[in-house]
Amino acid sequence: MRDQPGYLLEVNFDIPQELRQSYPYNLPVLRTLKTLKFHPSVTYIIGENGLGKSTLMEAIAVYLGFNPEGGSKNFNFNTYASHSALHEHIRVAKSHRRISDGFFLRGESFYNLASEIEALDKGSSYGGKVIDSYGGISLHELSHGESFWALFMNRFSGSGIYLLDEPESALSVQRQMAMLSRIHQLVGKGAQFLIATHSPILLAYPDSIIYQLSTEGIEHKKYQETELFSISKAFINDPDRMLSILLQQSDD
Ligand SMILES: Nc1ncnc2c1ncn2[C@@H]1O[C@H](COP(=O)(O)OP(=O)(O)O)[C@@H](O)[C@H]1O
Ligand SMILES: [Mg+2]
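Given the structure is predicted, the values throughout are model-derived calculations rather than measurements.

Student: Now, about the overall build of the protein: what can you tell me, with residues and values included?
Tutor: For the protein, the helix and strand inventory stands at seven helices and nine strands. Within the protein, the proportion of its 252 residues that are buried is 49%. Once local pairs closer than 6 in sequence are excluded, the contacts in the protein between residues at least 24 apart make up 74%. Surface summary for the protein: the accessible area is close to 13000 Å², and the carbon and sulfur share equals 52%.

Written out as structure tokens, the structure is:
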């Protein structure tokens, strides 16, 4: 059953021919994609801006019953319905092993989530406050990076699926590294992650599968074979050389 909690095995795409001319079905990634298999621990989706990473993440999240704006299944706020209808044309196969937690993090809408937690806590007079499971301090009173960190360290319990869209966007390089340790801890407790990222650090978790999107479609890559790795490495190894190329280009 669709709402039955369980770990993700694979997602199957079944897009009617008559829809293929329009967004999101005309995205290169969806042209040939039939099945995407998830790694039991961490599945990464990487690739240039605009190739469809967020569209894919959202479709899977909405299919699973998460709010397209992000959050856990308890959140139903809807400030701006911008998600596509792709979720209507996919099927997600899940394992029978039950899970008790889940979260969909959409970078752009973290602010809305913080507001929703405050609203929920204002409205309820009994039981624990929602904010307590996020570290106790209003997420509006923390920096973007701090609030994400509070969520990640406090709210995620381990026995669940976590869909994170560019979680590195607010994090320092050190915290991106620390995030790898925390992912490892949570994986040890049974967590499964689906992560869209541009961070060469966050991408390094070894017990994982990496899907790289391009204008040609989607490819399975090893960490050190990804563009993200090789381009970052070329820059860090020789910034002067890279800069001379980049600044030369912009002078032309
Ligand atoms: N509602 C929409 N209608 C038409 N095109 C859209 C819509 N939302 C996103 N797109 C386009 O779809 C492409 C993929 O977007 P997105 O999934 O956000 O990419 P990514 O997360 O990989 O950067 C982009 O080129 C974007 O402009
Ligand atoms: Mg995106």
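Student: So what about the site of ligand 1? Which residues, and what values?
Tutor: Taken together, the neighbourhood of ligand 1 is formed by Tyr-23, Leu-27, Glu-48, Asn-49, Gly-50, Leu-51, Gly-52, Lys-53, Ser-54 and Thr-55. Between ligand 1 and Thr-55, the relevant distance is 2.5 Å, taken from an oxygen atom to a side-chain nitrogen or oxygen of the residue. Burial of ligand 1 by the protein amounts to 55% of the accessible area it has alone, namely 570 Å². Its residues assigned to classes, the shell around ligand 1 comprises three nonpolar, five polar and two charged.

Student: Describe in detail the pattern of salt bridges, supporting the description with residues and values.
Tutor: Scanning the entire structure with this criterion turns up four salt bridges. Measuring nitrogen to oxygen at the nearest pair gives 3.4 Å for the salt bridge that ties Arg-106 to Glu-58. Placement of Arg-106 in strand β5 (residues 101-106) and of Glu-58 in helix α2 (residues 53-63) is noted, with a sequence separation of 48 residues between them. Given the relative accessible area of 12%, Arg-106 is considered buried. Residue classification places Glu-58 among the buried residues on the basis of a relative accessible area of 10%.

Student: So what's going on with the sheet that holds strand β1 (residues 8-13)? Which residues, and what values?
Tutor: An order of β2-β1-β4 is seen for the three strands of this open sheet, with the pairing classed as antiparallel. The open sheet has two edge strands with one neighbour each: β2 (35-37) and β4 (90-94). Recorded for the sheet is a direction-independent mean angle of 15 degrees between the axes of neighbouring strands. The sheet contact formed by β1 and β4 spans five bridges and is antiparallel. Looking across to β4, one finds that Val-11 is bridged to Val-92. Strands β1 and β4 of the sheet are contacted by α2, whose axis makes an angle of about 65 degrees with β4.

Student: Tell me about the side chain of Arg-20, and name the residues and values.
Tutor: Among the structural elements, Arg-20 can be located in the loop between β1 and α1 (28-32). Although Arg-20 is buried, it makes no salt bridge; Asp-14 carries the closest opposite charge, 7.0 Å away. Separated by 3.3 Å, the side chain of Arg-20 and the backbone oxygen of Leu-30 make a polar contact.

Student: Tell me about the packing of aromatic side chains, residues and numbers included.
Tutor: Using the criterion set out here, one finds seven aromatic pairs in the structure. Measuring from ring centre to ring centre gives 5.5 Å for Phe-103 and Phe-156, while their planes differ by 40 degrees; the resulting arrangement is tilted. Linking Phe-103 in strand β5 with Phe-156 in the loop between α4 (144-155) and β6 (160-165), this pair joins segments that are 53 residues apart in sequence. The same class applies to Phe-103 and to Phe-156, which are both buried. For the pair Trp-149 and Phe-152, a centre-to-centre distance of 5.9 Å together with 45 degrees between the ring planes defines the contact as tilted. Of this pair, Trp-149 and Phe-152 are both found in helix α4, three residues apart, which corresponds to roughly one turn of the helix.

Student: So, the sheet that holds strand β9 (residues 217-221): which residues are in play, and what are the values?
Tutor: With mixed pairing, the six strands of this open sheet are ordered in space as β5-β6-β7-β3-β8-β9. Edge positions in the sheet fall to β5 and β9, since each has one partner strand and no second. Mean inter-strand twist for the sheet, computed between neighbouring axes without regard to direction, equals 15 degrees. In terms of strand pairing, strand β3 (residues 42-46) meets strand β8 (residues 208-214) through five bridges, oriented parallel. Its bridge partner lying in β8, Val-42 is registered against Ser-208.

Here is what the cut-offs are and how they apply
- The numbering scheme is per chain: residues are counted from 1 as the chain's sequence reads.
- Labels follow written order: the first chain is A, the first ligand is 1, and so on.
- The predicted nature of this model means local features are confined to residues of pLDDT at least 70 and side-chain atom pairs, given and counted, to a pLDDT of 80 or more, with totals for whole chains, interfaces and linings taken over all residues.
- As a rule here, side-chain values cover all heavy atoms of the structure and leave hydrogens and water aside.
- Runs of H or I in DSSP of at least four residues are treated as helices and runs of E of at least two as strands, each being numbered from the N terminus.
- We call a residue buried when its accessible area falls under 20% of the maximum for its residue type, exposed when it is over 50%, and partly exposed in between, using a 1.4 Å probe and counting protein chains only.
- Any two residues whose heavy atoms approach within 4.5 Å are treated as being in contact.
- The Shrake-Rupley method, run with a 1.4 Å probe, gives the accessible areas here. Residue values count only the displayed protein chains as cover.
- In these notes, residues near a molecule or strand are those with any non-hydrogen atom within 4 Å of it.
- Residues adjacent in sequence count toward polar contacts only when both atoms are side-chain atoms; beyond that, a polar contact is any pair of N or O atoms within 3.5 Å, and within protein one must be able to donate a hydrogen and the other to accept it.
- Only Asp, Glu, Lys and Arg are considered charged in this grouping, and only Ala, Val, Leu, Ile, Met, Phe, Trp, Tyr, Cys and Pro are considered nonpolar; every other residue, Gly among them, is considered polar.
- A side-chain nitrogen of Lys or Arg and a carboxyl oxygen of Asp or Glu constitute a salt bridge if their distance falls within 4 Å.
- Pairs of strands are assigned from DSSP output, requiring at least two bridges between the strands.
- Fitted lines through C-alpha atoms give the axes, limited to the stretch in contact for helices. The angle between two N-to-C directions lies from 0 to 180 degrees.
- His residues and chain termini do not enter the charge count, which takes Lys and Arg as positive and Asp and Glu as negative.
- Any two rings among Phe, Tyr and Trp, with Trp reduced to its six-membered ring, count as a pair given centres within 6.5 Å; such a pair is stacked if its planes are under 30 degrees apart, edge-to-face if over 60, and tilted if neither.

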